[in-house]
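Coordinate inspection notes
Chain residues, written in single-letter form:
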Amino acid sequence: MEDQQAHETEEKNVRGESKDYPLNKLEDAIDVARAVKELGGFATKIDLENALRIKGGGLARKIASTRRWGLLSGTGQLKLTDLAKEIFYPTTSTQAEDA
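These figures come from a predicted structure and were not determined experimentally.

Focus on the sheet that holds strand 1 (residues 42-43)
Strand order in this open sheet of three strands is 1-3-2, and the pairing throughout is antiparallel. Here the strands that pair on one side only, and so sit at the sheet edges, are strand 1 and strand 2 (72-73). When strand 2 meets strand 3 (residues 78-80), the two strands line up antiparallel, connected through two bridges. Bridge pairing links leucine 72 to leucine 80 in strand 3. Helix 2 (residues 26-38) contacts strand 1, strand 2 and strand 3 of the sheet and is inclined by roughly 95 degrees relative to strand 3.

If you want it as structure tokens, here you go:
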């Protein structure tokens, strides 16, 4: 009985752990970052809800993945990272090719 309870507890912990990797594809993260770019480089969650027409958990997941890809930072006010700026505003031909 104790073994079964320990296994159930272990299973619950594994499912509830946070992921150290993005749950969405890079293309999805670029779409979110592009929406922030089009909003002037800064956006709130409400701004993104309106721009992307996504609400709730789906939007939260996309924002979290975009952060994990390194394209957004911030919590209430989201902003483009230097990496995102290099993608959208390349300053050298090498950056443009890499983007």
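Here's the deal with the side chain of asparagine 24
Topologically, asparagine 24 is positioned in the loop between helix 1 (2-16) and helix 2. Setting aside its immediate chain neighbours within four residues, asparagine 24 contacts Arg61, Lys62, Ser65 and Trp69.

Describing the confidence of the model for the protein
In the predicted model, the protein carries a mean pLDDT of 83, and 76% of its residues have values of at least 70. Between the elements of the protein, mean pLDDT differs from a low of 50, seen in helix 1, to a high of 97, seen in strand 3.

Notes on the side chain of serine 65
Its location among the elements puts serine 65 in helix 4 (residues 56-68). Setting aside its immediate chain neighbours within four residues, serine 65 contacts Pro22, Leu23 and Asn24.

Re the pattern of salt bridges
Taken as a whole, this structure holds one salt bridge when the rule is applied. In this structure, the salt-bridge partner of arginine 34 is aspartate 31, at a minimum N-O distance of 3.3 Å. Residue arginine 34 and its partner aspartate 31 are both found in helix 2; the two are separated by three residues, about one turn of the helix. Accessibility expressed as a relative area gives 39% for aspartate 31, which makes it partly exposed.

Comments concerning helix 2
Here helix 2 is 13 residues long and its end C-alpha atoms lie 18 Å apart, about the 18 Å a rise of 1.5 Å per residue gives. Of the residues making up helix 2, those classed as buried are Asp28, Ala29, Val32, Ala33, Ala35 and Val36. Down the axis of helix 2, the sector holding all buried residues measures 150 degrees, keeping them to one side. Counted as exposed and oriented over 90 degrees from the buried face of helix 2: Glu27 and Glu38. In the segment just after helix 2, glycine 40 is the residue with positive phi, at about 100 degrees.

Calculation notes
- Residues numbered from 1 in each chain as written.
- Predicted model: local features only at pLDDT ≥ 70, side-chain atom pairs only at ≥ 80, totals over all residues.
- Heavy atoms only, no water.
- Pairing = 2+ DSSP bridges.
- Helix = DSSP H or I, 4+ residues; strand = E, 2+ residues; numbered from the N terminus.
- Contact = heavy atoms within 4.5 Å.
- Axes fitted to C-alpha atoms, helices over the stretch in contact; angles between N-to-C directions.
- pLDDT = per-residue confidence, 0-100.
- Salt bridge = Lys/Arg side-chain N within 4 Å of Asp/Glu carboxyl O.
- Buried < 20%, exposed > 50% of the residue type's maximum accessible area, 1.4 Å probe, protein only.
- Expected span 1.5 Å × (residues − 1).
- Arc of directions from axis to C-beta.

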